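What follows is each chain in one-letter form.
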Amino acid sequence: MLSGYAQNGLGIEAFRLFRQMHRAAVVPTPYVLSSVLSACTKAELFAQGRLVHAQVYKQGFCSETFVGNALIALYLRYGSFKLADRVFSDMPFCDRVTFNTLISGHAQCEHGERALEIFDEMQLSGLRPDCVTVASLLAACANVGDLQKGKQLHAYLLKAGMSVDYITEGSLLDLYVKCGDIETAHEIFNSGDRTNVVLWNLMLVAYGQISDLAKSFEIFCQMQAAGIRPNQFTYPCILRTCTCSGHIELGEQIHSLSIKTGFESDMYVSGVLIDMYAKYGWLDKARRVLEMLGKKDVVSWTSMIAGYVQHDLCEEALATFKEMQDCGIWPDNIGLASAASACAGIKAMRQGLQIHARVYVSGYSADVSIWNTLVNLYARCGRSEEAFSLFRAIEHKDEITWNGLISGFGQSGLYEEALKVFKQMGQTGARYNVFTFVSSISASANMADIKQGKQVHCRAIKTGHTSETEVSNALISLYGKCGSIEDAKMEFSEMSERNEVSWNTIITSCSQHGRGLEALDLFGQMKKEGLKPNDVTFIGVLAACSHVGLVEEGLSHFKSMSNEYGVTPIPDHYACVVDILGRAGQLDRARKFVEEMPMAADAMVWRTLLSACKVHKNIEIGELAAKHLLELEPHDSASYVLLSNAYAVTGKWSNRDHVRKLMRDRGVKKEPGRSWIEVKSAVHAFFAGDRLHPLADQIYSFLADLNDRIAKIGYKQDNYHLFHEKEQEQRDPTSFVHSEKLAVAFGLMSLPPCMPLRVIKNLRVCNDCHNWMKFTSDVTGREIVLRDVHRFHHFTNGSCSCGDFW
């Protein structure tokens, strides 16, 4: 009865009968114990199997070979390889079944090296391998990539005259496929059993490995012509190749065929379909495949979640993650890592903490991929102490661990911490990769720290990573943001391979540095090289036209976006056009353009128009722009300041005072102007009229002397136009000294004559300071690079790169 239950897979019934036998005081024989152990193995009753093992030990049957074989099979199925090996080492005599079971178990779990070690022991024991042994060993060789050993087994198989069945044939084919010997694999396939669907699937995998979609599709068509009916593994093989090679349209056709043959509802096929559509952004189709599944497994849900994360739809990813759990599906390590990435993407720390707790509950606390994602989560959310704590707890750190911490700090604005980690990474001897340099260079760029950026650049040169297009793109952005446009152009010119990002970055950099004509020339070169401009390209092009006053050319480029290149304009493009018209003083035309926009104008568009009205003293259109702007952003100080200044420059003091009162009543505070300059590795910050600096007296004394010198060549201060006469009399004259003047004066005092002065300001530079810097550069013979909130100004020999058109 026990044997019958065991052979028919009725494990629970077999174990119950065994317990009844025990209660009846019937002593089990070794054969009974072997049958019960086999039943427990098939039914995965591992706890009960351990109890039977105890009975085996108690009865003294451990020396029985067939009992030992049953115990080994139980523990291998349970995944306890140590226990299986212990039973094996304690057995006084082993037969071919013992070795085959062990070799097969280790090979199936990709412990190829251990499987080969056991084979060596089998040979030393004098036992000859059979077809089952060789098939398992071939699988082991395939898993560890040992083609040479696999070829020896293949030769042994032929020399021993063993009959080649479909299992051995499949193992041989699998060996050559996984080891990349596609030619030999094809020879075995052609000489083998062409009616076996497994062999056809393996050939699809073979050509999928080398991304040869044409050959994969040819095999797939031959398979159908031969009348071989695909199974649930056939479609995933060809679909994965479509995914890897980017032929999503062909993947759609295979999808249609899977529907016709009734495999769309198969979880394995659907999981690969969801992955394919999700990776290429066809998320609606991926979602439909998921929803049509009657029974969804963890792979299907996880593929959908990962697709959302990949395309920055983090809220949708977390909603799907919750939906999966509501359906009773327990997430695996990939699902948890994807959910943690989604939390990092939207800085959802509360949900991230819940996922962190779930990691421990699910038993994945040793999974490095999840820990790497959690490190990035805490870093991106600005939780530096927790991020470092998790980081230190990871025993075996890889490049992904380091990069997750660096990029996380960079994305949360903790740029200094990101660069410190980069330095530590080098000290530990960890290997840099392209992502390390891109994240570190971006951190330097966002700090406008050209010194740190150049140090990272030097390290990239030493490690040979400057040949990577992504690294060069980051370097162009670094030098562009730090005011060194010549270095940016040099990096661009030395690139061996450029992509759209390369061109967009250099075009935008030239535009921001007042080199609009160069930017437009680069745009022409980009098109000649066959690269299609995108929405980012046109922002740079339109800004370039704005900065050099090319109105009609700018409008022509704007029209070409949709007419020639199929790029739909977004609010940023409309704001650029308003800026083009506004800077040129064509305010009526700018207003008409805004009113005819196909979408409601956003705050950026109205702010651009209001700024132009202030410059050109058009209060009528300025009031219209301000009305819309204050409705959209009632708590943004910049809107009130622009309108207040517009009233001031037109002499409407009562209106200006009303706007200021409105700010006070609404609790809106003006952002104070502030400027920064780096001197001897220390950043010095200044406010307007600032006297907090330790060298304030010397700075003001130097500034007074400098003002006298530039006054002699024609400089006249124009800082009082925003205040009426009574206000000018009441204010301390030093309060009119803007922060950028103080920063420049300190730089002239502190930096050697050969060094350019690099100053950053958080607001737009005013007319007076702009004029003052031109005269200062002329008198001192120094180059001054000022980065304000809109663009760069390079002052040399009494002129500015913007041509006084900013």
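Because the structure is predicted, anything quoted here is derived from the model rather than measured.

Thoughts on the packing of helix α21 (residues 333-346) against helix α23 (residues 368-380)
Contact geometry of α21 with α23 gives a least axis separation of 9 Å together with a crossing angle of 10°. Relative to α23, the element α21 is oriented roughly parallel. Taking contact as the criterion, the partners of Asn333, Leu336, Ala337, Ala340, Ser341, Cys343, Ala344 and Gly345 in α21 are, on α23, Ile370, Thr373, Leu374, Asn376, Leu377 and Arg380.

Some words on the packing of aromatic side chains
The full count for this structure, using the stated rule, is 22 aromatic pairs. With centroids separated by 6.4 Å and ring planes inclined at 40°, the aromatic side chains of Phe15 and Phe18 adopt a geometry described as tilted. One end of the pair, Phe15, and the other, Phe18, are both in helix α2 (residues 11-23), three residues apart, so they sit about a helical turn from each other. With a relative accessible area of 12%, Phe15 lands in the buried category. With 5.5 Å between their ring centres and 80° between their planes, Phe88 and Phe99 make a pair best called edge-to-face.

Quick notes on helix α8 (residues 112-124)
Note that an α-helix has 3.6 residues per turn; residues three or four places apart therefore point the same way. The first and last C-alpha atoms of α8 sit 19 Å apart over 13 residues, in line with the 18 Å expected at 1.5 Å per residue. Listed in full, the buried residues belonging to α8 are Gly112, Ala115, Leu116, Ile118, Phe119 and Met122. Considered in projection along α8, the buried side chains sweep an arc of 160° and stay on one side of the axis. In α8, the exposed residues that point more than 90 degrees away from the buried face are Glu113 and Leu124. In this structure, the buried side of α8 is in contact with α7 (96-108), α9 (131-144) and α10 (147-159). With its phi angle positive at about 90°, Gly126 sits one or two positions after the end of α8.

Describing the pairing of strand β1 (residues 674-679)
Side chains of β1 alternate between two faces, with Ser675, Ile677 and Val679 buried and Arg674, Trp676 and Glu678 left unburied. Bridge count for β1 against strand β2 (residues 682-687) is six bridges, and the pairing is antiparallel. Note on β2: the bridge partner recorded for Glu678 is Val683. Linking β1 back to β2 in an antiparallel pair, the connection comprises two residues, with Lys680 at a positive phi of about 55°. For β1 and strand β3 (residues 757-761), the ladder comprises three bridges, and the chain directions are antiparallel. Among the inter-strand pairings, Ser675 is bridged to a residue of β3, identified as Lys761.

The rules behind each value
Residues numbered from 1 in each chain as written. Predicted model: local features only at pLDDT ≥ 70, side-chain atom pairs only at ≥ 80, totals over all residues. Heavy atoms only, no water. Axes fitted to C-alpha atoms, helices over the stretch in contact; angles between N-to-C directions. Helix = DSSP H or I, 4+ residues; strand = E, 2+ residues; numbered from the N terminus. Parallel < 35°, antiparallel > 145°, perpendicular 65-115°, else oblique. Contact = heavy atoms within 4.5 Å. Phe/Tyr/Trp six-rings, centres within 6.5 Å; stacked < 30°, edge-to-face > 60°. Buried < 20%, exposed > 50% of the residue type's maximum accessible area, 1.4 Å probe, protein only. Expected span 1.5 Å × (residues − 1). Arc of directions from axis to C-beta. Pairing = 2+ DSSP bridges.

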